[in-house]
Amino acid sequence: MKKNESVLQKNTCHPMTVRAINNLGNGVGEINGIVTFVRGGVTGDELTVRLIKCNRDYCVARIEEIITPSPYRTEDTCDAPLSCGGCAYRGVDYAHELELKRQDVEHAFRKAGLREVTVEPVRTTGQTAGYRNKAQYPIAPGPDGPELGFYAARSHRLVPAEHCPLQPAVFGEIASAVRDFARERQISAYDEETGKGFLRHLYLRMGQATGEILVTLVINGKTLPHAEELADLLCDRFPGVVGVLLNHNTAKTNLILGEKYTTLRGRAWMEDILCGLRFAIRPAAFYQVNRDGAELLYRIAREKASLRGDEILFDLYCGTGTIGLSMADGVGEVIGIEIVPDAVACAKENAARNGIKNASFFCGDASGAEGLLAPVFAERGQFRPDVVILDPPRKGSTPELLGYIASLEVPRIVYVSCDPATLARDAAYLAERGYTVGPVTPVDMFPRTGHVECVCSLTRG
């Protein structure tokens, strides 16, 4: 008989002490020697828990009663159920959250074999609510008509919730207005099982310094019933709305956005001010979700770049050019490379908008060195940059690109990462090729969630 089957059974209650919290927001402890995860548990909690899943090696439980609360536990002010899954640390003291994130980064570097690398305390703006400038609300059929909310963790089960403390209050108001309009006009929500229904997602972006809001309705079709009326309502009711778009996604896929857009009202982009520069942001273009956090992140990246004023700087995975353009006044030339054509167009517009003449942008594939850098070298001839800024997606960079950068013997690399594990992996790869890994500075771009951004410099002597 299996060990936990002889002692632990589903739906039974047990005392449990929470020993740690993982970055998914689960308290971790043991019951009769079996590792047990409990959603919402905080380090130091003494709990009574009810087992809801029992396996050979671990159990999952829910809190029945908090006997003695942890000193790190704080009041949870979010109205959404725990099943929302968006916040890992919603009931945790913020100082403790920052230390947990520092430990996550330190663990990633130790696991990658870089135990000697210093991981600094997490830097933060201190703002833990209302910081997100982007929201993607899935829309699904409900008993009273379309429902908007968020997917429960690791599922496509909708948790109805228009309002989220991490987002501006106006996002929830717009979401409620779209939901109510769809119900009144009997506009159907997309059903993932059948592939039928119109409304798939509500996608919102906001310029936090400008107050401009871009509304994109992702639909399953070429047109949306009453679309013009809905666009008028949103523009009239919410003064910040500068554009209302339809995005057409008729594929049976988990991807949120399709390739085609139709502008119903206003313009197809919104603007924001970052590091003293004005940026135009289109729906598909990458832009940091926390503007104030991004300014802090970019300041740290600039410090680690140790710019002299005459360097050639490559901004790889450049998105709309925000990092490179923020450093343009400190270098001789910025060359940005990005795979998304729409983002490259935005980057060029942003350089012109801000009168920056020493920056150019190219469309290239970061999956390999040849495809990434070929457009630049075809126009300019081959040369070596003095500084490379890397800001790849969560999966990190590629051995091809990192190996090529190392072969050029680029003196300084500044790596900006949203995943400590892939940062540590790539840093170890570069360390094997002659680079010295400097201190890692975590930046809390995503308070209350389990994610943390990092900046690291790598130098070649």
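Remember, predicted model here, so these are calculated numbers, not experimental data. Residue positions are counted from 1 within each chain, in the order its sequence is given. Two thresholds apply to this predicted model, a pLDDT of at least 70 for residue-level local features and 80 or more for giving and counting side-chain atom pairs, whereas whole-chain, interface and lining totals are computed over all residues. Calculated side-chain values reflect all of the structure's heavy atoms, with hydrogen atoms and water omitted.

Caption draft 1: View of the overall build of the protein chain. Helix and strand labels come from DSSP, where a helix needs a run of H or I of at least four residues and a strand needs a run of E of at least two; each type is numbered from the N terminus. Tallying secondary structure elements over the protein chain gives 10 helices and 22 strands in all. We compute the radius of gyration over the C-alpha atoms and compare it with the globule rule, which gives 2.2 Å times the number of residues raised to the power 0.38. Relative to the 2.2 N^0.38 estimate, which gives 23 Å for 461 residues, the radius of gyration of the protein chain is 24 Å and therefore close to what a compact globule would have. Dimensions of the protein chain, computed from the C-alpha atoms along their principal axes, are close to 70 × 60 × 40 Å. Looking at the protein chain as a whole, 54% of its 461 residues qualify as buried. For the protein chain, contacts bridging at least 24 residues in sequence account for 63% of all contacts bridging at least 6. Only the protein chains shown count as cover for residues, and all accessible areas are computed by the Shrake-Rupley method using a 1.4 Å probe. Roughly 19,900 Å² of accessible area belongs to the protein chain as shown, and the carbon and sulfur atoms make up 50% of that amount. Charge counting follows a simple rule: Lys and Arg are positive, Asp and Glu are negative, and His as well as the terminal groups are ignored. A single reference atom marks each charge: NZ on Lys, CZ on Arg, CG on Asp, CD on Glu. Charge separation in the protein chain, taken as the distance between the mean sites of 52 positive and 57 negative side-chain charges, equals 3 Å. Only protein chains enter the accessibility calculation, which uses a 1.4 Å probe. A residue is then buried if its area is under 20% of the maximum for its type, exposed if over 50%, and partly exposed in between. For this analysis, residues touch if any pair of their heavy atoms sits within 4.5 Å.

Caption draft 2: Region of the structure containing the packing of helix H9 (residues 399-407) against helix H10 (residues 420-431). A fitted line through C-alpha atoms serves as each axis, taken over the contacting stretch for helices, and the angle formed by two N-to-C directions is quoted from 0 to 180°. Their axes nearest at 10 Å, the elements H9 and H10 cross at an angle of 35°. The handedness of the crossing between H9 and H10 is right-handed. Residue-level contacts link Pro399, Leu402, Gly403 and Ala406 of H9 to Asp426, Tyr429 and Leu430 of H10. What makes a crossing left-handed is the near helix being turned counterclockwise from the far one by less than a right angle; a clockwise turn instead makes it right-handed.

Caption draft 3: Structural context of the environment of Thr118. By secondary structure assignment, the location of Thr118 is in the loop between helix H2 (94-111) and strand E7 (134-142). Its relative accessible area of 46% is what places Thr118 among the partly exposed residues. With 320 residues separating them along the chain, Thr118 and Gly438 place their C-alpha atoms 7.5 Å apart.

Caption draft 4: The side chain of Glu311, seen in detail. Relative to the helices and strands, Glu311 is located in the loop between helix H5 (291-305) and strand E16 (312-316). Among the polar contacts made by the side chain of Glu311, one reaches the side chain of Arg412 at a distance of 2.8 Å. When sequence neighbours within four positions are dropped, the list of residues in contact with Glu311 reads Ser306, Gly330, Val331, Gly332, Glu333, Asp386, Val387 and Arg412. In protein, a polar contact means a hydrogen-donor-capable atom and an acceptor-capable atom, both N or O and within 3.5 Å, with residues adjacent in sequence counting only if both atoms are side-chain atoms; elsewhere, any N or O pair within 3.5 Å suffices.

Caption draft 5: Focus on the pairing of strand E3 (residues 26-31). The element E3 is largely enclosed, with a buried count of 5 among its 6 residues. One ladder, built from 2 bridges, connects strand E2 (residues 20-21) with E3; its direction is antiparallel. Residue pairing in the sheet places Ala20 in a bridge with Val28 of E3. Any two strands between which DSSP finds at least two bridges are classified as paired. In textbook terms, the turn of a hairpin is the stretch between consecutive antiparallel strands, and for E2 and E3 this stretch comprises 4 residues, one of which, Gly25, has a positive phi near 90°. Bridging between E3 and strand E4 (residues 34-39) involves 6 bridges; their strand directions are antiparallel.

Caption draft 6: Just the layout of surface pockets, in detail. Buriedness of a pocket was judged along seven lines, with at least five required to meet protein on both sides within 12 Å; pockets are open sets of points on a 1 Å grid over the protein atoms alone, cavities are sets where a 1.4 Å probe fits but cannot get out, and lining residues have an atom within 4 Å of a point. Grid points are joined across faces, edges and corners, and a volume is the space filled by probe spheres set on the points. Reported here for the second largest pocket is a volume of approximately 510 Å³. Lining the second largest pocket are 28 residues, with Asn26, Val38, Arg39, Gly40 and Leu82 positioned closest to its centre. Considering every element that reaches the lining of the second largest pocket, the biggest residue donor is strand E6 (residues 58-68), with 5 residues. Gly counts as polar in this scheme, as do all residues outside two lists: the nonpolar Ala, Val, Leu, Ile, Met, Phe, Trp, Tyr, Cys and Pro, and the charged Asp, Glu, Lys and Arg. Its residues placed into classes, the lining of the second largest pocket shows 15 nonpolar, 6 polar and 7 charged.

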